[in-house]
Every structure is written in C-alpha cells, then in structure tokens.
Amino acid sequence: MKNLLLFALVLFQLNLNAQGRWNVGLQMGVTGNPSKFSSGMEDASALFTNNVYGAGQLAVNFRYRIAERWSFQTGFGFSEFGFEYTLAKDYSLLKSEDHFAYLRTGTCTSEIPALIIYNSKLNCRNFRFIAGAGFGFTAIDSKWQSETSVPVDQINAENNQPAEMTEHSHSLQSTSANFQWLIGVEKVWSRGNMLSLTFQSRYGFSNIASSTVSYMVENKNYTHTFTNNGTSCGIALCYYFLPMGTRKLNRVK
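Residues numbered from 1 in each chain as written. Predicted model: local features only at pLDDT ≥ 70, side-chain atom pairs only at ≥ 80, totals over all residues. Heavy atoms only, no water.

### Observations concerning the confidence of the model for the protein
Residues shown with low pLDDT carry predicted positions that ought not to be read at fine detail. Across the protein, the average pLDDT comes to 88, with 85% of residues at 70 or higher. Segment residues 248-253: pLDDT under 50, and three contacts once partners within four positions in sequence are set aside and those in other chains are kept. (pLDDT = per-residue confidence, 0-100. Contact = heavy atoms within 4.5 Å.)

As structure tokens, this is what we get:
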C-alpha cells in the first residue's frame, strides 16, 4: 500500500511539471466482482446463491496525450472485492420480513493501472469514442480474514439449536496483476477539460482470496469453497480538469 501511494505522489509531481499534455481526472463508478466455486460439495441447495459482490469505486486518473489519437493513462484507484451469499427462507405474507438470509464480506483494494487509450475524431457536438487496454496492479491487506454468520430459521436436528449460515474468508496474497480494458464516450470542451462515461472490465491472473460457506437445509449440511481473483466489470464516470499548465500558458499569452 505504501509503495502504491508513493508511486501516486511521483505521478502527481510529474503532472505539476508538465505543460499541457497531462489531464488529471476524478472518477466514480460501480463494479461487480464474481467469485467461482473451487472445492467442497458440488451439489448445492436450490435455496442457496453465490452472488456477484457489488461495490463502489473512486479513482484519480492521470492521462498523458501522446498524439492526436493516442494517450497513456495511469493513476490510482480504490474499491472493494469479496464474497456474498444468500439463502432463501420462509417468510410471512402479512409481515414485512426479508425473504433471504444474507452473508457479505469484503475488503478494500488499491490499484495502479497502466493503459493505452485510443480516441476517435470529435463529432459536431465535441463527442468522441474512446477505447483502451492495458494492465493493472492491485494490493489488498495480506492479513485480511473474516468470520461471520446469520440465522436461517431452521432447527439443527443434531443439537436442537437454530441453524446458521457461516463463512470463513481470508486473503491468499497481497498483490496481484490483471488485464483490463475500457470502452465509452467522451465529451471534450474547447479548453481541454473532458467528461467520460466508460464501461470497464478487468480479469485477474491469480486467486487473491478464498471463502468457505456452510449452511443447512432440511437437516442436510452443505459446505462450499469459492475463490476470487479480482475479476470485475462496471461503469465509471470521470471528469478531467484542464490540462496541466493551461492556465499558466494563458497568462503568458
């Protein structure tokens, strides 16, 4: 984490020293992060679901204009990834009750991307198409682990106690790499500031966390283990401020 922040500060200093080729952007978005079955019981109850883990995203982007159509983009971003499970349960039609028992656990991630961006020509309304691809480097807490449980409105026949759905999750490694790409549209104003709306996706190369979930349905115990490699997809909105040095150049003129 410290190395990522140090690299981000170096990038920011480079922006301060540049003249008109760097844009700094603030990005907000939402992402969905799936996990996949890896071991344990292959058969699951029809009441059980392994959900996509939804999270928000916040990032600072640095885009360097290489040529008219090409740019390099990096920065640093923060989001979450994890595991989410649901188990359907009996409920009353006369009372306001939740139809599902939810289990959700996750941890924060920090990332530095390195992308090559292509942009089309501006149309008559100053909109253009953009697409990009590259790699990202992600860091999480190497000591992250979680143990949570929720009741499932059943009685365990073995001990006559309320049954629970439980999870045990932990990180497998602290850093990982991924391939990522984006596609979207961008509005460009005459002074150089921009607003982009993009669909973004990333594919992780290695598993970075594991989770084991246990539950009981009709007096049968189930146990499944899922892994997560950080793969995600989502939508992001980013506003890029005036190119660095624009105001200074305007004062000189």
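### Concerning the nonpolar core
Of all hydrophobic cores here, the largest spans 21 residues; its most connected members are F48, Y85, L87, M165 and Y215. Of all elements in the fold, only β5 (70-88), β6 (100-119), β8 (145-156), β9 (161-171), β12 (209-217) and β13 (220-228) reach the threshold of two or more residues within this core. Top contributing element to this core by residue count: β12, with five residues. (Core = buried A, V, L, I, M, F, W, Y, C linked by side-chain atoms within 4.5 Å. Buried < 20%, exposed > 50% of the residue type's maximum accessible area, 1.4 Å probe, protein only. Helix = DSSP H or I, 4+ residues; strand = E, 2+ residues; numbered from the N terminus.)

### Topic: the layout of surface pockets
Looking at the largest pocket, its volume works out to about 250 Å³. Every residue lining the largest pocket is counted, 18 residues in all, and those nearest its centre are N23, R65, R128, G192 and M194. Element by element, the count of residues in the lining of the largest pocket is highest for strand β4 (residues 53-65), at three residues. Classifying every residue of the lining of the largest pocket by side-chain character gives seven nonpolar, six polar and five charged. (1 Å grid on protein atoms, 1.4 Å probe; cavity = no way out; pocket = protein on both sides within 12 Å on 5 of 7 lines; lining within 4 Å. Points joined across faces, edges and corners; volume = space filled by probe spheres on them. Nonpolar A, V, L, I, M, F, W, Y, C, P; charged D, E, K, R; others polar.)

### What to know about the side chain of Q200
Checked against the element boundaries, Q200 lands in strand β11 (residues 194-204). There is a polar contact of 3.4 Å between the side chain of Q200 and the side chain of Q27. Here the side chain of Q200 touches T198 through a polar contact of 3.0 Å, side chain to side chain. The contact partners of Q200, leaving out residues within four places of it in the chain, are Q27, Q57, W181, L182, S232, C233, G234 and A236. (Polar contact = N/O pair within 3.5 Å; in protein donor to acceptor, adjacent residues only side chain to side chain.)

### A word on the environment of T74
Here T74 is to be found in strand β5. Residues T74 and F62, twelve residues apart in the sequence, show an inter-C-alpha distance of 5.3 Å. At a separation of 2.7 Å, a polar atom in the side chain of T74 contacts the main-chain carbonyl oxygen of P113.

### So, empty space enclosed by the protein
As enumerated under the stated definition, the model contains three cavities of 30 Å³ or more in all. For the largest cavity, the calculated volume is near 420 Å³. What lines the largest cavity is a set of 33 residues, and nearest its centre among them are Q57, E111, Q180, R202 and S232. Contributing elements (two or more residues each) for the lining of the largest cavity: β1 (22-33), β4, β5, β6, β10 (175-188) and β11. Its residues assigned to classes, the lining of the largest cavity comprises ten nonpolar, 20 polar and three charged. When its volume is computed, the second largest cavity comes out at roughly 40 Å³. Lining the second largest cavity we find Q27, R63, Q73, I117, I130, L182, S196, T198, Q200 and Y240.

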